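Remarks on the overall topology
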Amino acid sequence: LGSISLANVFHSVTFFVTLKYFPGGATSAGVLKGLQAVLVFACSSIVLCGRWGGVEMCWSKSKGVSLVVVVCGILTYGSFTEKDRRRKDVKKGEYKRVRDVATVSGGGEEGRIMCV
């Protein structure tokens, strides 16, 4: 009972750390849950097929298709997340249009470009 409680605490902590620090937050957590489901399919097939339960424990074409769909979705999501992060990093180094002190007091050109 203690080991199950410890495993649940560990699982909860890692889930909330993923929500807070992993790019994408809840969406990334959902994508990782999909990956977890596929891994459970694969591991249960290896460990349980022919040893415990019925034919539902064995690998099937539908489980294979599910694996391919989920892995392709994870790779696609990851590539778009990385592209978006790079695009945001590039924008951080740009200049922003601000009003300088002379413009605010009425003595300068409107919309002067300054480094912030």
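In the block above lies the structure referred to throughout.
About the criteria used
Residues numbered from 1 in each chain as written. Predicted model: local features only at pLDDT ≥ 70, side-chain atom pairs only at ≥ 80, totals over all residues. Heavy atoms only, no water. Helix = DSSP H or I, 4+ residues; strand = E, 2+ residues; numbered from the N terminus. Areas by Shrake-Rupley, 256 points an atom, 1.4 Å probe, with all protein chains shown as cover. Patch = residues over 30% accessible without salt bridge, like charges linked within 9 Å, V, L, I, M, F, W, Y side chains within 5 Å. Salt bridge = Lys/Arg side-chain N within 4 Å of Asp/Glu carboxyl O. Buried < 20%, exposed > 50% of the residue type's maximum accessible area, 1.4 Å probe, protein only. Phe/Tyr/Trp six-rings, centres within 6.5 Å; stacked < 30°, edge-to-face > 60°. Disulfide = S-S within 2.5 Å. Polar contact = N/O pair within 3.5 Å; in protein donor to acceptor, adjacent residues only side chain to side chain. Contact = heavy atoms within 4.5 Å.

1. Considerations on the overall build of the chain
Regarding its fold elements, the chain presents 4 helices and 2 strands. Mapped from its N terminus to its C terminus, the chain presents α and β elements in the order α-α-α-β-α-β. Surface exposure of the chain reaches about 9200 Å², of which carbon and sulfur atoms provide 68%.

2. Let's talk about a nonpolar patch on the surface
On the surface, Val 9, Val 13, Val 17 and Tyr 21 cluster together to form a nonpolar patch covering roughly 400 Å² of accessible area. On the accessibility criterion, Tyr 21 (60% relative accessible area) is exposed.

3. Overview of the packing of aromatic side chains
For the structure on display, the rule yields 1 aromatic pair. Aromatic pair Phe 15 and Phe 16: ring centres 5.4 Å apart, planes at 70 degrees, arrangement edge-to-face. Accessibility expressed as a relative area gives 54% for Phe 16, which makes it exposed.

4. Remarks on the state of the cysteines
Per the stated rule, a full pass over the model turns up 1 disulfide. A sulfur-sulfur distance of 2.0 Å marks the disulfide that ties Cys 49 to Cys 58. Residues Cys 49 and Cys 58 are joined by a disulfide whose S-S torsion is about 90 degrees; by sign, that bridge is right-handed. With relative accessibility at 19%, the residue Cys 58 sits in the buried group.

5. Some words on the side chain of Lys 63
Tracing the sequence through the fold places Lys 63 in helix α3 (residues 61-92). Exposure remark for Lys 63: the relative accessible area of 14% places this residue in the buried category. A distance of 3.4 Å separates the side chain of Lys 63 from the backbone oxygen of Cys 58, its partner in a polar contact.

6. Overview of the side chain of Ser 44
Position of Ser 44 among the secondary structure elements: in helix α2 (residues 26-48). Reaching out from Ser 44, the side chain makes a polar contact with the backbone oxygen of Val 40 at a distance of 2.9 Å. The residues contacting Ser 44, other than those within four sequence positions of it, are Cys 49 and Met 57.

So far we have only geometry, and geometry alone does not tell us how the molecule works.
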